[in-house]
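Each chain, written out:
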Amino acid sequence: MSLISDYEENIKQLETWLWENLPGAVTTLVTAIIIFVLGLWVIKFINRMVKKFFQKTDYDPSLESFLQSFINIGLKLMLFVVVIQQLGVQSTSLVAVIGAAGLAVGLALQGSLANFAGGVLILVFKPFKVGDWISAQGVDGTVKEITIFTTKLTTAGNQIATVPNGQLSNNNIINFSAQSTRRDNITVGIGYNSNIKQAREILLQICAENEDILKDPAPQVFVAELGDSSVNLSLRFWAETPVFWAAHFHVMEELKLRFDEAGIDIPFPQRVIHQGS
């Protein structure tokens, strides 16, 4: 009988505890959920305001995308802390937990921390900015966005390439948009029986007729190499960066057409197959 009475007493104590604490726990949980939902809405609203602010001001687009990403993550971390405190976790305990978790996460996410530091270095030293055409880590493309961890490039095929900032800040980068002008170096081979002076005049004439090619510095043509089967001429000219490729492709097409008209031979590898008897 004593066991039954003890059991009934425990049940009564449990019921009493639930009636005393359950309403408060439910209220705390509901309040935390409301804070979380409202917090996400407020963060979304702030992000929109920040985006509109940057659109109306003359900030560097590279800095804009970085700050927007940083603000978004920072606000969400603050919301997490508020929700945890609402659930009853003491601030001192929370600091201790965050410190221990921060150490563990820091060790596990060394690469991410390196990418964050790389993003800061990119913004400080500006090896490139949004809109520049760069070549890095085996990828060529236009810089679309610089976030706190990665940089996004739009390739020539309109794909999006995502490159970690840590690798970008610690390796070679070629920025094709950094200078206002670029020099092209086109090598074309002509036959040994062809007239070098005539070929040079044709190449310089093509450059003179093209408005995209700068006249100062003047285009130049050199004999670059006496190859096994051709005399290799090197055409060098300068063009403004935005129209560089248009000038390059125009010269490539015109030199072939005009060499054909002038009877100037452009040798190409040939293979002769002898059939045995």
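Treat the numbers as computed from the prediction; the structure is a model and nothing was measured.

Draft legend 1. Seen up close, the overall build of the protein. Of the regular secondary structure elements, the protein holds seven helices and eight strands. Counting over 277 residues, the protein shows a buried share of 27%. Carbon together with sulfur atoms contributes 60% to the accessible area of the protein, which is approximately 18700 Å² in total.

Draft legend 2. Representation of unusual backbone geometry in the model. For the bond from Asp216 to Pro217, the omega torsion is 0°, close enough to zero to count as cis. Within the secondary structure, Pro217 sits in the loop between α6 (196-209) and β7 (220-226). Of note, Lys126 is a non-glycine position whose phi angle comes to about 50°, a positive value. Inspection of the secondary structure puts Lys126 in the loop between α4 (110-125) and β1 (133-136). Among the residues examined, Lys126 registers a relative accessible area of 47% and is labelled partly exposed. Although it is not a glycine, Asn158 sits at a positive phi angle of roughly 65°. Assignment of secondary structure puts Asn158 in the loop between β3 (150-154) and β4 (160-164).

Draft legend 3. Main features of the sheet that holds strand β6 (residues 181-190). With respect to topology, three strands assemble into an open sheet ordered β6-β8-β7, the strand pairing being antiparallel. Taken across any chain shown, the strands that pair with only one partner, and hence form the sheet edges, are β6 and β7. Geometrically, the sheet is characterised by an average inter-axis angle of 25° between neighbouring strands, direction not taken into account. Relative to strand β8 (residues 231-240), α6 is tilted by about 15°, and along the sheet it contacts β6, β7 and β8. With respect to the sheet, helix α7 (residues 244-262) is in contact with β6 and β8, its orientation differing from that of β6 by roughly 20°.

Draft legend 4. Structural view of the environment of Asp184. Relative to the assigned elements, Asp184 resides in strand β6. For Asp184, a relative accessible area of 7% translates into the label buried. Spatially, the C-alpha atom of Asp184 lies 5.5 Å from that of Phe237, the residues being 53 residues apart in sequence. Contacts of Asp184, omitting those with residues within four sequence positions, involve Leu235, Arg236, Phe237, Phe244 and His248.

Draft legend 5. Focus on a nonpolar patch on the surface. On the surface, Leu29, Ile33, Phe36, Val37 and Leu40 cluster together into a nonpolar patch covering about 440 Å² of accessible area. Structurally, Val37 is set in helix α1 (residues 2-56).

Draft legend 6. The sheet that holds β1, seen in detail. With respect to topology, five strands assemble into an open sheet ordered β4-β3-β2-β1-β5, the strand pairing being antiparallel. Only two strands of the sheet have a single neighbouring strand rather than two, namely β4 and β5 (174-175). The pairing of β1 with β5 spans two bridges and is classified as antiparallel. Within β5, the residue paired with Ile134 across the bridge is Asn175.

Draft legend 7. Examining the environment of Ala218 more closely. Relative to the elements of secondary structure, Ala218 occurs in the loop between α6 and β7. Sequence separation between Ala218 and Leu204 is 14 residues, and the spatial gap between their C-alpha atoms is 9.3 Å.

The rules we used
Residues numbered from 1 in each chain as written. Predicted model: local features only at pLDDT ≥ 70, side-chain atom pairs only at ≥ 80, totals over all residues. Heavy atoms only, no water. Helix = DSSP H or I, 4+ residues; strand = E, 2+ residues; numbered from the N terminus. Buried < 20%, exposed > 50% of the residue type's maximum accessible area, 1.4 Å probe, protein only. Areas by Shrake-Rupley, 256 points an atom, 1.4 Å probe, with all protein chains shown as cover. Pairing = 2+ DSSP bridges. Axes fitted to C-alpha atoms, helices over the stretch in contact; angles between N-to-C directions. Contact = heavy atoms within 4.5 Å. Patch = residues over 30% accessible without salt bridge, like charges linked within 9 Å, V, L, I, M, F, W, Y side chains within 5 Å. Salt bridge = Lys/Arg side-chain N within 4 Å of Asp/Glu carboxyl O.

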